[in-house]
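Tertiary structure, described
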Amino acid sequence: NAGVTQTPKFQVLKTGQSMTLQCAQDMNHEYMSWYRQDPGMGLRLIHYSVGAGITDQGEVPNGYNVSRSTTEDFPLRLLSAAPSQTSVYFCASSYARAYEQYFGPGTRLTVT
Amino acid sequence: AQKVTQAQTEISVVEKEDVTLDCVYETRDTTYYLFWYKQPPSGELVFLIRRNSFDEQNEISGRYSWNFQKSTSSFNFTITASQVVDSAVYFCALSERNTGNQFYFGTGTSLTVIP
């Protein structure tokens, strides 16, 4: 039981490049979410999903896309990277809404 | 407006001292959930506790205890006899039914326990 896994752990992008951050969980959790963590700002919700085929926006969705084709996977796409997207990204999953979320190890992204 | 406020940005204590981390939340919902997470220097986020709005009983787990007071909208976390391994950033979070149970995190309190 690996829990929540994220790849890559580190990534450097140039402005304008696109990429996908991968997230997978093996706990059969319905609820998955993506956060970014910036110094002094805590964690902010980007997008979330309450089940396969259902996604919604969080607090800071601009510049990011998500899809949820399976229960296990919830990738986050950066369409055209900007320096403001330099951050640590965490994926999380939970049994259902309002239950405790379990986090992946994070991806440190730098956009130059 | 910030839904979760952790006014203490950084706290330092000497080992074996008790320390309380404050968390004040704001919600108009009657059904909500409160959480605490720990983020040690290694960076992962570790779930500590979940409390629903209908359960104001305080909770104790080993050296950790939580005091939930709806009258003051606070959910404070106390570590008794602190240890160096308690050094971490601690986050308080709120999930409200009215907003689809999105999580709102505070900005965190960085605790340093000095040996």
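Our subject is the structure that appears above.
My aim in this report is to walk through the structure given alongside it, one point at a time.

Definitions and limits used
Residues numbered from 1 in each chain as written. Chains lettered and ligands numbered in written order. Predicted model: local features only at pLDDT ≥ 70, side-chain atom pairs only at ≥ 80, totals over all residues. Heavy atoms only, no water. Buried < 20%, exposed > 50% of the residue type's maximum accessible area, 1.4 Å probe, protein only. Helix = DSSP H or I, 4+ residues; strand = E, 2+ residues; numbered from the N terminus. Pairing = 2+ DSSP bridges. Disulfide = S-S within 2.5 Å. Core = buried A, V, L, I, M, F, W, Y, C linked by side-chain atoms within 4.5 Å. 1 Å grid on protein atoms, 1.4 Å probe; cavity = no way out; pocket = protein on both sides within 12 Å on 5 of 7 lines; lining within 4 Å. Points joined across faces, edges and corners; volume = space filled by probe spheres on them. Nonpolar A, V, L, I, M, F, W, Y, C, P; charged D, E, K, R; others polar. Contact = heavy atoms within 4.5 Å. Salt bridge = Lys/Arg side-chain N within 4 Å of Asp/Glu carboxyl O. Polar contact = N/O pair within 3.5 Å; in protein donor to acceptor, adjacent residues only side chain to side chain.

1. Some words on the pairing of strand 12 (residues 109–114) of chain B
All names here are of chain B.
- Here strand 12 shows one buried face, formed by T109, L111 and V113, and one open face, formed by S110, T112 and I114.
- Relative to strand 12, strand 2 (residues 10–14) is paired through five bridges, and the arrangement is parallel. Within strand 12, the residue paired with V13 across the bridge is V113.

2. Observations concerning unusual backbone geometry
- Of note, the amide linkage connecting T7 of chain A to P8 of chain A takes the cis form, showing an omega dihedral of -5°.
- The backbone of K16 of chain B sits at a positive phi, close to 85°, despite the residue not being glycine.
- Within the secondary structure layout, K16 of chain B lies in the loop between strand 2 and strand 3 (19–21).
- A positive phi is found at A81 of chain B, a non-glycine position, where the angle reads about 50°.

3. A look at the state of the cysteines
- If you walk through the whole model with that rule in mind, you get two disulfides over all chains.
- The residue that forms a disulfide with C23 of chain A is C91 of chain A, at a sulfur-sulfur distance of 1.8 Å. With the S-S dihedral at roughly -70°, the linkage between C23 of chain A and C91 of chain A falls on the left-handed side. Of this pair, C23 of chain A sits in strand 3 (residues 19–25) while C91 of chain A sits in strand 9 (residues 87–94), placing them 68 residues apart in sequence. Comparing C23 of chain A with C91 of chain A shows no difference in burial state: the two are buried.
- Two residues, C23 of chain B and C92 of chain B, share a disulfide whose sulfurs are 1.9 Å apart. Classification of the bridge connecting C23 of chain B and C92 of chain B rests on its S-S torsion, roughly -65°, and on that basis the disulfide is left-handed. Of this pair, C23 of chain B sits in the loop between strand 3 and strand 4 (24–25) while C92 of chain B sits in strand 10 (residues 88–96), placing them 69 residues apart in sequence. Residues C23 of chain B and C92 of chain B agree in their burial class; the two are buried.

4. Examining the nonpolar core
- The biggest cluster of nonpolar side chains holds 24 residues, and the ones touching the most others in it are W36, F77, Y90 and L111 of chain B.
- Listing elements by their share of this core, those giving two or more residues are strand 2, strand 3, strand 5 (32–39), strand 8 (64–69), strand 9 (74–79), strand 10 and strand 12 of chain B.

5. Observations concerning the layout of surface pockets
- Of the volumes computed, that of the largest pocket is approximately 570 Å³.
- For the largest pocket, the lining is made up of 30 residues, of which Q37, V88, F90 and R108 of chain A together with Q39 of chain B are closest to its centre.
- At the level of elements, strand 9 and strand 11 (107–111) of chain A together with strand 10 and strand 12 of chain B are the ones that each hand at least two residues to the lining of the largest pocket.
- No other element matches strand 11 of chain A, which puts four residues into the lining of the largest pocket.
- Of all the secondary structure elements, the ones that give two or more residues to the lining of the second largest pocket are strand 5 (43–51) of chain A together with strand 11 (103–105) of chain B.
- Per element, the largest residue contribution to the lining of the second largest pocket is three residues, and it comes from strand 11 of chain B.
- For the lining of the second largest pocket, the class distribution of residues is seven nonpolar, three polar and three charged.

6. Focus: the side chain of Q85 of chain A
- On the secondary structure map, Q85 of chain A appears in the loop between strand 8 (76–78) and strand 9.
- Look at Q85 of chain A and you get buried, because its relative accessible area is 5%.

7. Observations concerning the interface of chain A and chain B
- Contact residues are listed per partner, giving 20 residues for chain A and 17 residues for chain B.
- At the boundary of chain A with chain B, the tally comes to zero salt bridges.
- Where chain A touches chain B, the interface holds three residue pairs in polar contact (both at pLDDT 80 or more).
- When residues of the side of chain A that touches chain B are traced back to their parent elements, those giving at least two are strand 4 (31–37), strand 5 and strand 10 (102–103) of chain A.
- Along the lines of polarity and charge, the residues of the side of chain A that touches chain B split into eleven nonpolar, six polar and three charged.

8. Remarks on the environment of A98 of chain A
- With respect to the helices and strands, the residue A98 of chain A is situated in the loop between strand 9 and strand 10.
- Distance in space between the C-alpha atoms of A98 of chain A and Y31 of chain A is 9.3 Å, their sequence separation being 67 residues.
- In contact with A98 of chain A, not counting residues within four places along its chain, are Y33, F35, R50, S95, N101 and F103 of chain B.

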